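Fold and geometry: a report
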Amino acid sequence: MLLSGVIAGLTFGIAIGRDWRRLERLQIKWLPVLVLALVARAVAPFFPLALALYLIGVALTALFAAANWRLPGAPLVAIGSLLNLMAMPVDVDLLQAGGGRPPDDSLHEALNAATVLPLLADIIIVPFVRAAYSIGDVLIAFGGFLLPFVTLTRR
């Protein structure tokens, strides 16, 4: 979500005629922490302790965003990451109704009556990509979008 948000913000910023070189003035702290977080999240499904590795990646993303709280969108990324740490179920029925298939990994579980904090689960269905997203995912993507977009459009 974060990477797609950043790419969208960069694309829209450049599409409206802004100079990408404005990004040079960004002072990003703890960039290696973000890289580690993204790698942990990407490789998590391939390891036996997938959930633990994924949660470490999400926590590192929140830590990175909190360290950069003054950057546009960073507080949204931090909040979204923290929300994602609280719940990871997916509403399988809604997802299938939207044409998607439930994730086949050890990271997600089906939303059920015993789910704590069901509003934080993947309940936002996006039919054209056949996927389900959570409120945390949306905040992360929007925060990621704002970082380059606001930086490019500020005068």
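Everything in this summary refers to the structure shown in the same document. Given the structure is predicted, the values throughout are model-derived calculations rather than measurements.

The next thing to look at is helix α4 (residues 74-86). Its 13 residues give α4 an end-to-end C-alpha distance of 19 Å, which sits within 8% of 18 Å, the value for a rise of 1.5 Å per residue. Those residues of α4 not exposed but buried are A74, V77, A78, G80, S81, L83 and N84. Elements in contact with the buried residues of α4: α1 (2-15), α3 (50-67) and α6 (135-153).

A word on the nonpolar core. Within the largest apolar cluster, seven residues are counted, these being L2, L34, F64, A65, V77, A78 and I140. Mapped onto this core, the elements with two or more residues apiece are α3 and α4. Non-local contacts of A65, meaning those with residues more than four positions away in its chain, are made with A74, V77 and A78. Core analysis: the next-biggest nonpolar cluster, separate from the first, contains six residues, A44, Y54, V58 and L107 among them.

One can find T115 in the loop between β2 (109-110) and β3 (124-126). Owing to a relative accessible area of 12%, T115 belongs among the buried residues under this scheme. At a separation of 2.9 Å, a polar atom in the side chain of T115 contacts the main-chain amide nitrogen of N112. Those residues in contact with T115 that lie beyond four places of it in its chain are P89 and A110.

What follows concerns the pattern of salt bridges. As a working rule, side chains carrying opposite charge can pair if their charged atoms are close by. The full count for this structure, using the stated rule, is one salt bridge. A salt bridge links D19 to R21; its shortest N-O distance comes to 3.1 Å.

On to a nonpolar patch on the surface. A cluster of nonpolar side chains, namely I28, L31, V35 and V39, defines an oily patch on the protein surface of about 320 Å² accessible area. Counting through the fold element by element, V35 comes out in helix α2 (residues 31-43). The class of V35 is partly exposed, set by a relative accessible area of 47%.

Right, let's get into the side chain of T151. Within the element layout of this structure, T151 appears in helix α6. Taking the relative accessible area as the measure of exposure, T151 reaches 7% and is therefore buried.

Non-glycine residue W30 carries a positive phi angle of around 60°. Tracing the backbone through its elements, the reader meets W30 in the loop between α1 and α2.

Two numbers describe how α4 lies on α6: the axes approach to 7 Å, and their chain directions differ by 160°. On the basis of their axis angle, the class for α4 and α6 is roughly antiparallel. Crossing of α4 against α6: the hand is left-handed. Residue-level contacts link L76, V77, I79, G80, S81, L83 and N84 of α4 to I135, G136, D137, L139, I140, F142, G143, G144 and L146 of α6.

Calculation notes
Residues numbered from 1 in each chain as written. Predicted model: local features only at pLDDT ≥ 70, side-chain atom pairs only at ≥ 80, totals over all residues. Heavy atoms only, no water. Helix = DSSP H or I, 4+ residues; strand = E, 2+ residues; numbered from the N terminus. Expected span 1.5 Å × (residues − 1). Buried < 20%, exposed > 50% of the residue type's maximum accessible area, 1.4 Å probe, protein only. Contact = heavy atoms within 4.5 Å. Core = buried A, V, L, I, M, F, W, Y, C linked by side-chain atoms within 4.5 Å. Polar contact = N/O pair within 3.5 Å; in protein donor to acceptor, adjacent residues only side chain to side chain. Salt bridge = Lys/Arg side-chain N within 4 Å of Asp/Glu carboxyl O. Patch = residues over 30% accessible without salt bridge, like charges linked within 9 Å, V, L, I, M, F, W, Y side chains within 5 Å. Areas by Shrake-Rupley, 256 points an atom, 1.4 Å probe, with all protein chains shown as cover. Axes fitted to C-alpha atoms, helices over the stretch in contact; angles between N-to-C directions. Parallel < 35°, antiparallel > 145°, perpendicular 65-115°, else oblique. Left-handed = near helix turned anticlockwise from the far one by under 90°.

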